[in-house]
Amino acid sequence: MSRNSLAPGADTAPAPDGGSGAGRGPLARLASAAGRWEFLILLLIIATCVAGQAISPQFLSRASFMTGSLDFTEVALMALPLTLIIITAEIDLSVASVLALSSALMAWLWMHDVPMVPTVLLCLVAGALCGLFNGLLVTKGGLPSLAVTIGTLALFRGLAYVVIGDQSVTDFPTAWTDWGFGMVGTSILPNTIAVFAVLAVIFAVLLHGSRFGRSIYAIGANQEAAYFSGIKVKRIKLILFVISGVVSALAGVIISLRNSTAAANVGQGFELTAIAAVVLGGVSIFGGRGTVGGVVLALFLLAAIQKALSLSESISTAWIQVVTGALLIGSVLGPNLVSRMNEARARARMRGDAQARPPTTSQEEAV
Amino acid sequence: MSTDAPPVPGRKDRGARLAELVLRVRELGIVGALVLLFVVTVIMEPRFADADSLRDLLLNASIFAILAVGQTLVIVTRNIDLSVSSVLALSAYFAGSVVSDHPGVPVWALFVMGIGMGMACGLFNGVLSTYGGVPSLVVTLGTLYAFRGLAFLWTDGRQVNAETLPDAFLNLGSGSVLGVPTLSLFAIAVVLVAGWWMRDFRAGRQLYAIGSNPEAARLAGVRSQRLVLLAFVVCGALAGLAGVLFTARFGTVDATAGAGYELTVIAAAVVGGVAIFGGVGTVYGAALGALLLTTITSSLIILKVSAFWQQAAIGALLILAIVLDRVVGVRLESALRQRSARRVA
Amino acid sequence: MTEDATLTVPILELDHAAKSYGAVRALREGTLALCAGEVRALVGENGAGKSTLVKLLAGVERLDAGVMRVDGEDVDFHSPAAARAAGIAVIYQEPTLFPDLSVAENIAMGRHPLRAGRRIDRGVMRRDAQALLDQLGVRLNASRPVRGLSIADQQIVEIAKALSFEARVLIMDEPTAALSGPEVERLFTVVRALQQRGAAVLFISHRLEEVFSICDTATVMRDGAVVHDARIADMTPDDMVRRMVGRDLGALFPKEDTTVGEPVLVAHRLTRENVFTDISFTLHSGEIVALAGLVGAGRSEVARAVFGIDRLDAGHVEVEGRRLPNGRPAAAMAAGIGLVPEDRRQQGLVMDLSITRNVTLTVLRRLSRLGLMRRGSERRVAAEWAERLQLRHHTLDGPVRFLSGGNQQKVVLAKWLARTPKVLMVDEPTRGIDVGTKAEVHRLLSRLAAEGLAVLMVSSELPEVLGMADRVLVMHEGRLTAELSRDEADEETVMRAATGQTHEAAA
């Protein structure tokens, strides 16, 4: 009922209709590309850019690209492993809390005179352990990830406060913090976005080009059939939760460097923005469908909208939330309505056919 | 079928009794944890049992309990409502601004308006997730943003202050009747009515049926979409009620009212034994869960345990609760199965 | 065919009904009438369209074409509730109950007895339910939760549920499949009582002896159409089977003679508590061994356990002398075992994924280098198997959802054959498949065996078992009751063992 073949971001091409499969010319291919979810998001990005430029001439400037993309780095990073997890029909709500714990741990280690490199590494290890904890409860414990990660959402954030309370650390070495808001060479590409870009490519290859990715889709679309095909369902999910922990911890390190501040209260509510980006990017919340490309585009869209609205003086920034929420719902509702109309049309056509054809009974009865 | 026959005392075998016991133990367990926590805290810091301290505790728990009841209705049907905190903000500001601008408005009218606004939000959530076919997690994540954003747009940086609110209204939030805070009376009434409805009325039972096995519910002729919609509307209405009470209690309301409550509320329901995938749990459990979470917070504060432990403790408790539920559930199921197998053999 | 020319208006009537799912025409021609006091059998092979017909009558699906009438008036059930309001109760193969609720509440759901103020009267609800259960002669407590009940008990609850709203039409979709002998007898007593009260019963069963013992009339279906409608008194079992099968058996089962080779797989005293006990057998390369028995005898479960889906409580499996670890499908696959599972849609295929992705799911490792998939090889493997199995498809990139049942099964076979296994276990390999493809599947299995594959075939279709197998193992209630050579095996010997009669005779 709620699943449908035209859901956004279908990994396969849009549903082939009954009998007209043959002869797909370039026009048909163009139409099918245009029907893809990613294409729609791209159109929305262009629309946002046009509107943004109308709002403020600064919108398409270097500075606004840099700040706009910087502000979205952490959400973007966390959205990558989250994409894979949601495609396996699980969820990880604890990502922003892992980020905070990593930031808090970084502050604590630095206060205790641990050098920077081991500090960062320990943060990543802590992230891996958080992911392992989530993953073990979900796979070995057989508990729903939604409930588990609501719990660890509170737990990890709480541990972050336990580690450093409401203190914050701002005296990280300038070489590191400079990197945090610096650019790659003389380009307008922020270093942190470069990190994201590299990871995005890795995750895209992992999901779309690797054995691991094939298994992820199979698990999400039908866990039982995947298990019957010899795929190690639990192990793959466990690995994904660990990856999610590590990347979230990395995001925690990056946000601390970028703001030159490490504290326990960073990234409050980021988990919801990350999920919103993933769903908006065409990933089905029930698993089995979605692409990294779609999610990356959705992240760009959200960042662009945010930047455009923040540049405007007449439009309240509160619209960001309204628009994000509306896009999120629309991204699932729209395709649902389209497929429902298609179904209704197909049914009407079938009824018409059945009435037009005489019932074929006689030949069957001559046994 | 006859309707007037008196109930006959139960003729139950051990299987039924076992299952019932476990369900009751679930709620008794929370009560036990509550009592233990309370006693330990009082021993370490007798001020915890002061009238003021208790009143604060109950006041804090009341709003969460009301939200948890609404959430339970929705979760029992295998859905979820993440938007309750944003609905609360809308309704709280609505009630506050109306009464500030028109001091003559009767208090009951504020409740009607707040609850009405909540119902409208719930209707929106419900229609999209039933007839729209959008998973409720997605819909209410969306409206969590959208409603909050609307609250910001509406308040436009303004806030409602206690000075502008009539005393009759504020008394609801801080007053008490026979020593029980008025706010808690609201919460208790909501819990009792909802509990009664979920237990003794067809529609209430059908909510459990939908969550327990959606396909079977459809085959049994349960009008699932309509009932799930009803659950969302009731949940919205209760969030609206909580919003009005929020204004009465705190006096100061701006667009950030109740931000982040949604996860505490879901945690309360789950700690209270409501299964996140539906079919199991009572509003009593959820309300007790809310009380337990609030008590933990209060006792940590009064014990001067760094407030920083508070969130970690809640998270740990939540995980403990689902792990225990799982362990008990597996045991119970195998016990029931063996009983069934033995009888057939 | 002759319509019953009685003057009474049938309670329920289906006239030239048709239903398709996507490209699959599940029901092409459904014509059927049920009169008061009639017990009618609906028989046909798996996939003949019986379940689809039942879904239409139950209001679960709507007709694409044709007419349904209740008491002579046209009706269009748009929901199960509408069918139930018309007095039609359906007891499905798979019980559809609420595990978290009590037995009484399951029976009363939506129609709870009320007392003042529209409150539920729990006392009455429990007592009514208990009375129904007692009437069925079962010791089942109405207050206990359904969770943990055996399938047989759940079936009883389903029947009590149907009885509770005094249905005029009772449709039973293989209700006896999971019931023991005495339970079946008890059910029949109830069915006869219902019949005397003037209810109409549509009884679907694969057990012909049950059909002949309880039914008055029979409707035979084949390949999505009703092909025969007659009084049971005018038919013989042979006659019925012939109409169900409707073809020459020889052409369907092109078994090639093979030379049986070395033993490949040895199952040693496999036991899974309450499911199967002490199952030992050996599979040799080049032979097809059928695992026969009634539904619920534990055959699929044995196959699942050998493959490692379910854990064994005792016993072990050896492949070419090496012992398999317990409960690890990946290890079983590495040892050269493949399993074509019973539930194709749920276990065999990932319906939303393309043909290519499904076929290559079992050989990902072979098709990747350093973890990265080689798309060219992927397509080549899929194309090669599509060609070899004569898969009918538009594009290898389309979801398998849109293929017909037979072509879907070919995809499942392809995904296992791509591994070139030594042992292939096929569970109901031709269930729900059209006749043409069925023969293709049989020919394929036969050829594979001739090439040296060891095949274990779980099948409920006796003709398939007798036509294909070199050796027949028969299970009854979780135990092996017979091992028959191709010459020894006939309908009678297999059925006797499957119903446990050899066991009793020997004892």
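Higher on the page you've got the structure.
Keep in mind it's a predicted model, so treat the numbers as computed, not measured. (Residues numbered from 1 in each chain as written. Chains lettered and ligands numbered in written order. Predicted model: local features only at pLDDT ≥ 70, side-chain atom pairs only at ≥ 80, totals over all residues. Heavy atoms only, no water.)

Visitor: I tried to follow the packing of aromatic side chains on my own but got confused; where do I start?
Guide: How two aromatic rings sit relative to each other is given by the distance of their centres and the angle of their planes. Counted by the stated rule, this structure contains 13 aromatic pairs over all chains. A centroid spacing of 5.4 Å and a plane angle of 10° characterise the contact between F111 of chain B and F186 of chain B, whose relative ring orientation is stacked. Of this pair, F111 of chain B sits in helix α4 (residues 107-130) while F186 of chain B sits in helix α7 (residues 182-200), and the two are 75 residues apart along the sequence. Taken together, F64, F246, F250 and Y261 of chain B form an aromatic cluster joined through their ring pairs. For the cation-ring pair, R388 of chain C lies above W385 of chain C, with the distance from its terminal atom to the ring centre recorded as 4.3 Å. (Phe/Tyr/Trp six-rings, centres within 6.5 Å; stacked < 30°, edge-to-face > 60°. Helix = DSSP H or I, 4+ residues; strand = E, 2+ residues; numbered from the N terminus. Lys NZ or Arg CZ within 6 Å of the ring centre and 35° of its normal.)

Visitor: Explanation requested: the sheet that holds strand β15 (residues 288-293) of chain C in the structure shown.
Guide: As a general point, the strands of a sheet are linked pairwise by backbone hydrogen bonds and lie either parallel or antiparallel. Residues and elements named next belong to chain C. One open sheet accounts for six strands, arranged β18-β21-β22-β15-β23-β24; its pairing is mixed. Looking along the sheet, the strands with just one partner apiece sit at the ends: β18 (337-340) and β24 (479-485). Mean inter-strand twist for the sheet, computed between neighbouring axes without regard to direction, equals 20°. Bridge count between β15 and strand β23 (residues 471-476): five bridges; the pairing is parallel. Bridge assignment links A292 to a residue of β23, and that residue is V474. Set on the sheet, helix α10 (residues 299-307) makes contact with β15, β18, β21 (423-427), β22 (454-458) and β23; between it and β18 the angle comes to about 145°. Against the sheet, helix α15 (residues 405-417) engages β18 and β21, with an angle of about 170° to β18. (Pairing = 2+ DSSP bridges. Axes fitted to C-alpha atoms, helices over the stretch in contact; angles between N-to-C directions. Contact = heavy atoms within 4.5 Å.)

Visitor: Please clarify how helix α2 (residues 51-76) of chain B should be interpreted in this entry.
Guide: All names here are of chain B. Compared with the 38 Å implied by 1.5 Å per residue over 26 residues, the 36 Å span of α2 between its first and last C-alpha is a close match. For α2, the tally of buried residues reaches 19 of 26 residues, placing the bulk of the element in the interior. Of the residues one or two after α2, R78 is the one with positive phi, at around 70°. (Expected span 1.5 Å × (residues − 1). Buried < 20%, exposed > 50% of the residue type's maximum accessible area, 1.4 Å probe, protein only.)

Visitor: Sorry, what's going on with the interface of chain A and chain C here?
Guide: By a frequent convention, interface size equals the accessible area lost on bringing the separate parts together. Across the boundary between the two partners, chain A contributes 35 residues, which contact 49 residues of chain C. Put simply, chain A and chain C have two salt bridges between them. Two residues, E378 of chain C and R214 of chain A, come together in a salt bridge whose shortest N-O distance is 2.5 Å. Put simply, chain A and chain C have 10 residue pairs in polar contact (both at pLDDT 80 or more) between them. Within the residue set of the side of chain A that touches chain C, elements represented by two or more residues are α9 (191-209), α10 (211-221), α11 (223-228), α15 (318-356) and α16 (362-365) of chain A. Broken down by element, the residue count for the side of chain A that touches chain C peaks at six residues, all from α10 of chain A. Among the residues forming the side of chain A that touches chain C, the class breakdown is 13 nonpolar, 11 polar and 11 charged. (Salt bridge = Lys/Arg side-chain N within 4 Å of Asp/Glu carboxyl O. Polar contact = N/O pair within 3.5 Å; in protein donor to acceptor, adjacent residues only side chain to side chain. Nonpolar A, V, L, I, M, F, W, Y, C, P; charged D, E, K, R; others polar.)

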